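# Observations on the three-dimensional arrangement
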Amino acid sequence: MRKTDRKLSFFCKVSLIIFALLFNYSAANAQEAASWKEKEITLRVSNQPLGKVLEMVAEAAGAKITLQGVTLWNIGKHTSIAVKSKPLDKVIGDLIGDQNVRIRYEGNKQIIIEPFEHEENTKVEFNVSGQVLDRDTQEPLIGATVLITDGSSKTAGQAAKGCITDLDGKFSLRISKKESINISYVGYETVSKQITKPEANLVIELKPSIEFDEVVITGISRRSKNSFTGNYVEVKGDELRKMNPTSILKGLQFFDPSFKIIENNDKGSDPNAEPDFQIRGDQSLGTTTQMNSMDLMLDNVSSRPNTPLFVLDGFIVPMSRILDMDPERVESITILKDAAATSVYGSRAANGVVVVESKVAPDGALSVSYNGTMTIQTPDLTDYNMMNAADKLDTEWRAGLYDPNDADDMNLYNKYLRYVLGGVDTYWLSKPLRTAVQHRHSASVAGGTDVFRYSLDLNLAMQPGVMKESSNQTKGVNFNMTYLKNKFTMRANINLSESDSKNSPYGAFSKYTSLNPYYIPLNEDGSQKKVLDNNVVSGQSRIITNPLYDATVGIKDVTNSLSIATNLSLEYSILKNLRITEQLSYTRGMAGTDRFLPADHTSFELEDDLTRKGSYFKSTGTCRHGQATSVSTTTL
């Protein structure tokens, strides 16, 4: 009997210990949950879906949030918060608001949101009536759909309960407390609202919904595609960068056959040679001259009658501004090419308009981004089917270039023949070329709120050319600011750009295509020959110089430009479809060119007067121009 009493006593003691441990554990968990849910949160989030904001708040507290059997209303609605040292439960409570849910804070840092139901409350019904209006015009929306839903998928496949608004945009329903109403109308954003009490004069305002791809950007205004009758082509920036990551304009010709780039074949892949653009065909008679950096910076297009008008963010800019623009900043490009363009910009748009829209600063906390691209350019000479030295000399003999009865001709022929038999076969086309590695870097700092946004962009482009020692280096700083308050919008932009270019001392590539392969480019000491051939053939004297020699004499051929541009746009919306815009812009630019050819340059080989050998050319220029534009725009 004593033995049994001892066993019972031992069992009771163990049970009490286990109970105490469980009680202490539960109390500890409760105490832990009560403590960490009051953890102070400091967070700033702007323009993010409610579900994402809740996850970010929980992450800031080192917790995980879970929805169990409940769907939060407006979970996809863009929400902004800015809290500092605020308890976690208060932050989540403010975000969820008066919704029929219960929030549990577990000890393992789990936030669980579940339905909060009282049987007696779910059976209570009350009347809800109201009116649906257009948010901008405050006009009633006739025939808007008002559906009753509980926010779950249980009602899928069942008959929908609800009504449509009458001639005054009014509706009336009988609804229970746990249900909500969903209001929709064609061309407007859908709104959901949870009902927690009887409503007699509920006002629902719907916002018109016009997607970005349903409008045409003309530079001055955005027109609906349905009302815009002009001929246009719109291309997104991402698509352009896929086709050509270094030049946004060269990528356009893949999307619009009428947009043509006329390359200068004499310049080859010279990074400093700017192409000619055509949108509405060739408007010139005869040939056009090549524009230099000075003309580009000063926007002197008199020698380029086919050049279209370039518009950047609503402001007319020189072509150089677009050519030097970082491709990563481009949001979209629209090409206007018929009478619709001239109706907006007048006679300046006779050759078409290229409208460039840059990226808008994102709304949200401070963000820093970097983008880098590398491009490898290699010379492609497969289209050149050139003869070798033996074939070239044999063709000249068959063509009768050398007279067998003339001793001078035969001596010249035999000299070339000795070169050929000695193994001379110079491939001149490859001499001035190289494989160029181009790279571009851009960094951006952006942030702001739905009222004020800003972005600072830095970019650097290093573009060595395929021609040896040719290069183009572009540096830029761009600052954007946008302020939106009610019906007033202000946009400001400051851009500073600098370009340094160096032309190849090896001369034009076309010179190398005319040289014979049996010419020897080097002297016996390994230096470059200055004169490759100096002979009299058929009574005519000819001197063939070596373009490779010019690269050794110290040529200087550089161009640099610096420009700063400021733009200011003020806009006020008087009515839904009527706004007044004032645009101010000011640009100041400086450019300079230095070109020096020493006296030993091959271009002075036939000059006997020493005082006329050598040349130096220097040109500098500045430009200042501003424009002010007042526009009254009606959006269709």
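Residues numbered from 1 in each chain as written. Predicted model: local features only at pLDDT ≥ 70, side-chain atom pairs only at ≥ 80, totals over all residues. Heavy atoms only, no water.

### With respect to the sheet that holds strand β2 (residues 64-67)
Sheet architecture is open: 3 strands sit in the order β2-β5-β4, paired in mixed fashion. Of all strands in the sheet, those bounded by a partner on one side alone are β2 and β4 (101-105). Strand-to-strand twist of the sheet, defined as the mean angle between neighbouring strand axes without regard to direction, takes the value 20 degrees. Here β4 runs beside strand β5 (residues 110-115); their pairing, made up of 5 bridges, is antiparallel. From the neighbouring strand, Tyr105 faces β5, where its bridge partner is Ile111. Lying over the sheet, helix α3 (residues 88-96) contacts β4 and β5, oriented at roughly 160 degrees with respect to β4. (Pairing = 2+ DSSP bridges. Helix = DSSP H or I, 4+ residues; strand = E, 2+ residues; numbered from the N terminus. Axes fitted to C-alpha atoms, helices over the stretch in contact; angles between N-to-C directions. Contact = heavy atoms within 4.5 Å.)

### Considering the pattern of salt bridges
A full pass over the atoms with the stated rule returns 11 salt bridges. A salt bridge links Arg241 to Glu328, with the shortest nitrogen-to-oxygen separation between them at 4.0 Å. Taken together, the residues Arg241 in helix α5 (residues 237-243) and Glu328 in the loop between α8 (319-323) and β20 (330-336) connect sequence positions 87 residues apart. The exposure class assigned to Arg241 is buried, which follows from its relative accessible area of 12%. A relative accessible area of 22% means that Glu328 is categorised as partly exposed. When the shortest N-O distance is used, the salt bridge between Asp394 and Arg398 registers 2.8 Å. Note that Asp394 and Arg398 are positioned in helix α10 (residues 389-398) at a spacing of 4 residues, about one turn of the helix. For Asp394, a relative accessible area of 33% puts it in the partly exposed group. (Salt bridge = Lys/Arg side-chain N within 4 Å of Asp/Glu carboxyl O. Buried < 20%, exposed > 50% of the residue type's maximum accessible area, 1.4 Å probe, protein only.)

### Considering the packing of helix α2 (residues 50-60) against α3
In contact at an axis separation of 11 Å, α2 and α3 are set at 175 degrees when each is read in the N-to-C sense. If you check the angle between α2 and α3, you find them roughly antiparallel. Contacts between α2 and α3 involve Leu50, Val53, Leu54 and Val57 from the first element and Leu88, Val91, Ile92, Leu95 and Ile96 from the second. Split into classes, the residues belonging to the contact of α2 with α3 amount to 9 nonpolar, no polar and no charged. (Parallel < 35°, antiparallel > 145°, perpendicular 65-115°, else oblique. Nonpolar A, V, L, I, M, F, W, Y, C, P; charged D, E, K, R; others polar.)

### Here's the deal with the sheet that holds strand β9 (residues 170-176)
The strand order across the open sheet formed by 3 strands is β9-β6-β12, and the pairing between neighbours is mixed. What marks the edges here is a single partner per strand, and that holds for β9 and β12 (199-206). Averaged over all neighbouring strand pairs, the angle between strand axes comes to 35 degrees, with direction disregarded. Judged from the 7 bridges that link them, strand β6 (residues 125-134) and β9 form a sheet pairing that is antiparallel. Looking at β9, one finds that Ser129 is bridged to Ser172.

### A few points about α10
It helps to recall that an α-helix has 3.6 residues per turn; residues three or four apart then point in one direction. Among all positions in α10, only Ala389, Leu393 and Glu396 are buried. Buried residues of α10 fall within an arc of 60 degrees about the axis and therefore sit on the same side. Where α10 starts, the residue carrying a side-chain oxygen 3.3 Å from the main-chain nitrogen of Ala390 turns out to be Asn388. Following α10 by one or two positions, Gly400 has its phi on the positive side, about 80 degrees. (Arc of directions from axis to C-beta. Polar contact = N/O pair within 3.5 Å; in protein donor to acceptor, adjacent residues only side chain to side chain.)

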